[in-house]
Amino acid sequence: MVIKKRGLVLGTTAFMLTAITVTVTGLLSQGQAFFQDSPKELVDEVWQIVDREYVDGTFNSVDWRTVRQDYVENRSYQSMDQAYDAIREMLEQIQDPYTRFMDPEEFRNMQIDTSGELTGVGIQLAQDEETKQLVVIAPIEDTPAFRVGIQAKDVILKINGQSTEGMDVNQAVSLIRGPVGTEVTLTIKRDKEPEKDYTMRRDRIEIHPVRYSLRDSDSGKIGYIRLNQFNANAAEEMRQAIQDLENQKVTGYILDLRSNPGGLLYSSVEIARMWLSSGTIVSTVNRRGEMDRQEASGRSLTEKPLVVLVDGGSASASEILSGALQDNGRAVVVGTKTFGKGLVQSVRGLGDGSGLAVTIAKYLTPNGTDINHEGIHPDIEIDLTEEAKEAIKKDRTLIGTETDTQYAEALKVLKEEIAASRRIQAGN
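Conventions adopted
- Residues numbered from 1 in each chain as written.
- Predicted model: local features only at pLDDT ≥ 70, side-chain atom pairs only at ≥ 80, totals over all residues.
- Heavy atoms only, no water.
- Helix = DSSP H or I, 4+ residues; strand = E, 2+ residues; numbered from the N terminus.
- Buried < 20%, exposed > 50% of the residue type's maximum accessible area, 1.4 Å probe, protein only.
- Contact = heavy atoms within 4.5 Å.
- Areas by Shrake-Rupley, 256 points an atom, 1.4 Å probe, with all protein chains shown as cover.
- Polar contact = N/O pair within 3.5 Å; in protein donor to acceptor, adjacent residues only side chain to side chain.
- Pairing = 2+ DSSP bridges.
- pLDDT = per-residue confidence, 0-100.
- Expected span 1.5 Å × (residues − 1).
- Axes fitted to C-alpha atoms, helices over the stretch in contact; angles between N-to-C directions.
- Parallel < 35°, antiparallel > 145°, perpendicular 65-115°, else oblique.
- Left-handed = near helix turned anticlockwise from the far one by under 90°.
- Nonpolar A, V, L, I, M, F, W, Y, C, P; charged D, E, K, R; others polar.
- Core = buried A, V, L, I, M, F, W, Y, C linked by side-chain atoms within 4.5 Å.
- Patch = residues over 30% accessible without salt bridge, like charges linked within 9 Å, V, L, I, M, F, W, Y side chains within 5 Å.
- Salt bridge = Lys/Arg side-chain N within 4 Å of Asp/Glu carboxyl O.
- Lys, Arg positive; Asp, Glu negative; His and termini not counted.
- Charge placed at Lys NZ, Arg CZ, Asp CG, Glu CD.

## Some details on the overall build of the chain
Next up, step 1: A tally of helices and strands in the chain yields 13 helices and 22 strands.
Next up, step 2: A burial count over the chain gives 55% of its 428 residues as buried.
Next up, step 3: Relative to all contacts within the chain whose residues are 6 or more apart in sequence, the contacts with residues 24 or more apart total 69%.
Next up, step 4: As presented, the chain carries roughly 18200 Å² of accessible surface, and 44% of it is formed by carbon and sulfur atoms.

Now the structure itself:
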């Protein structure tokens, strides 16, 4: 989800899954009039921003200077629409679906507030870098998409009957969004299953990202925390959950990040600091080298054993958090390989009200894992059984119960970690 104020975002609840820094250039009406009178200047401005900031100094093996000659020096533009088309063609040269131009309407659609409330059906989309298909990252829990059974990795073939072939993410978002109470139908292809239509009624969605409960076990009380998204409420809700469970004397924790598509960077860092007393959390690397490093603050809320659950829908901020806990030896990670998205984008508002997103950096885990290419590999890999998948598909309340085979494995691992911790304490 992209924010209007300055900040870093990992993933979006609306449509993308990259880390985003939002910057508005601050050009006023005089600047808007200037661009409207000289659309070529807008094309040149976009070219220069990419030239200065793009993460790959080779521009994915594209001669960027020659591109400027073609689109800026050798062309004239009679309207802003012509300039917009040229900018999109120009950006296609570097074959990065996350470096993209947004016309004024698309840019307004992108600026969704991360206050914890949104309007829509509750899915996160990305464009597959190889196939260019529109892929569901994950549905947000308790949303229209979640309730009808949309799943991570689903491919969207049609939106209200319109083919998505050749459609970018912005266009798809514009078609999926609409007034509360209206319906939208997505045609979905899932693995080898026949394509299927899912009709949803758009709604206003209030997101409380943290849910937690106390579980009794033969190893003592267990704290189960499910984090659905890293929005503006996530860090405070996580703090409250841990403090409440600590007051109830839990012996260990399961942190469930499955199908969590990401969100705000500062939320992931603050939450990591609640579990980590020391160590690096994440580093940001641009084409000139490391540009930022986030560290633990020495103010963790608990040192008790921790197991983290992840799957293919765990992305971006979820990968930063699970990678930090794994690399620092703070938690055992259980589940399946995560989605693998860790790019940083700078999003700029341009003078005519349009916007530009440029990939400027990538995120690395403390041990140097490139999240965007590698994802996070669990310490213990286990998928849901087919029986569990079918049961959970019919009843989502079974997530985090013994029917949930990934959760059952996490609980088994946690009990082993608790026993090991007790042996160490007894030895002291």
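## A look at the side chain of serine 354
Next up, step 1: Within the secondary structure, serine 354 sits in the loop between strand E20 (343–349) and strand E21 (355–364).
Next up, step 2: You can call serine 354 buried: its relative accessible area is 0%.
Next up, step 3: At 2.5 Å, the side chain of serine 354 and the side chain of aspartate 352 are in polar contact.
Next up, step 4: Not counting the four nearest positions on each side in its chain, serine 354 is found in contact with Leu42, Tyr84, Phe101, Met102, Asp103, Pro104, Phe107, Arg348 and Gly349.

## What about the pairing of strand E14 (residues 252–256)?
Next up, step 1: Among the five residues in E14, five count as buried, and that is most of the element.
Next up, step 2: Alignment of strand E13 (residues 220–227) against E14, held across five bridges, turns out to be parallel. When the sheet's bridge partners are listed, arginine 226 is paired in E14 with aspartate 256.
Next up, step 3: In this structure, E14 lies alongside strand E18 (residues 306–310), joined through four bridges in parallel fashion. Directly across from aspartate 256, in E18, lies its bridge partner leucine 309.

## Focus on the confidence of the model for the chain
Next up, step 1: Across the chain, pLDDT averages 87, with 89% of residues at or above 70.
Next up, step 2: In the model, residues 1–35 has pLDDT below 50 throughout and makes 135 contacts with residues more than four positions away in sequence or in other chains.

## Here's the deal with helix H2 (residues 39–53)
Next up, step 1: For H2, which comprises 15 residues, the first-to-last C-alpha distance of 22 Å matches the rise-based estimate of 21 Å (1.5 Å per residue) to within 8%.
Next up, step 2: Those residues of H2 lying buried are Pro39, Leu42, Val43, Asp44, Val46, Trp47, Ile49, Val50, Asp51 and Glu53.

## As for unusual backbone geometry
Next up, step 1: Phi is positive for serine 61, which is not a glycine, with a value near 65 degrees.
Next up, step 2: Secondary-structure assignment places serine 61 in the loop between H2 and helix H3 (64–73).
Next up, step 3: For serine 61, a relative accessible area of 71% gives the class exposed.

## What to know about the sheet that holds strand E12 (residues 210–217)
Next up, step 1: The sheet built from six strands is open, its strands ordered E12-E13-E14-E18-E19-E22 with mixed pairing. Either end of the sheet is taken by a strand with one partner, and the two such strands are E12 and strand E22 (380–381).
Next up, step 2: In this fold helix H10 (residues 317–327) packs onto E14, E18 and strand E19 (332–335), with an angle of close to 140 degrees to the strand it touches most, E18.

## Focus on the packing of H3 against helix H4 (residues 80–92)
Next up, step 1: At a minimum axis distance of 11 Å, the contact between H3 and H4 shows a crossing angle of 160 degrees. Between H3 and H4, the crossing angle belongs to the class labelled roughly antiparallel. At the point where H3 passes H4, the crossing takes the right-handed sense. Along the contact surface, H3 presents Trp64, Val67 and Tyr71, while H4 presents Ala86, Glu89, Met90 and Leu91.
Next up, step 2: For the contact of H3 with H4, the class distribution of residues is six nonpolar, no polar and one charged.

## Some words on the nonpolar core
Next up, step 1: Residues Trp64, Ile225, Met238, Leu255, Ile271 and Trp275 are the most contacted members of the largest nonpolar core, which totals 65 residues.
Next up, step 2: For this core, the element with the most residues is H4, which contributes seven residues.
Next up, step 3: Apart from residues no more than four positions distant in its own chain, leucine 255 is found in contact with Ile225, Leu227, Met238, Trp275, Leu306, Val307, Val308, Leu309, Leu321 and Leu325.
Next up, step 4: In this structure, Val121, Ile123, Ala172 and Tyr198 belong to the second largest nonpolar core, which totals 19 residues.

## Looking at helix H9 (residues 265–275)
Next up, step 1: Counting buried positions along H9 yields nine of 11 residues, so the element is predominantly enclosed.
Next up, step 2: Along H9, the residues classified as buried are Leu265, Ser267, Ser268, Val269, Ile271, Ala272, Arg273, Met274 and Trp275.

## Description of a negative patch on the surface
Next up, step 1: There is a patch of like negative charges on the surface, built from Asp191, Glu193, Glu387 and Glu390.
Next up, step 2: Turning to its location among the elements, glutamate 387 is positioned in helix H12 (residues 386–394).

## So, the environment of proline 39
Next up, step 1: Turning to its location among the elements, proline 39 is positioned in helix H2.
Next up, step 2: The exposure class of proline 39 is buried, given its relative accessible area of 6%.
Next up, step 3: Note: C-alpha distance between proline 39 and aspartate 352 (313 residues apart in sequence) is 9.5 Å.

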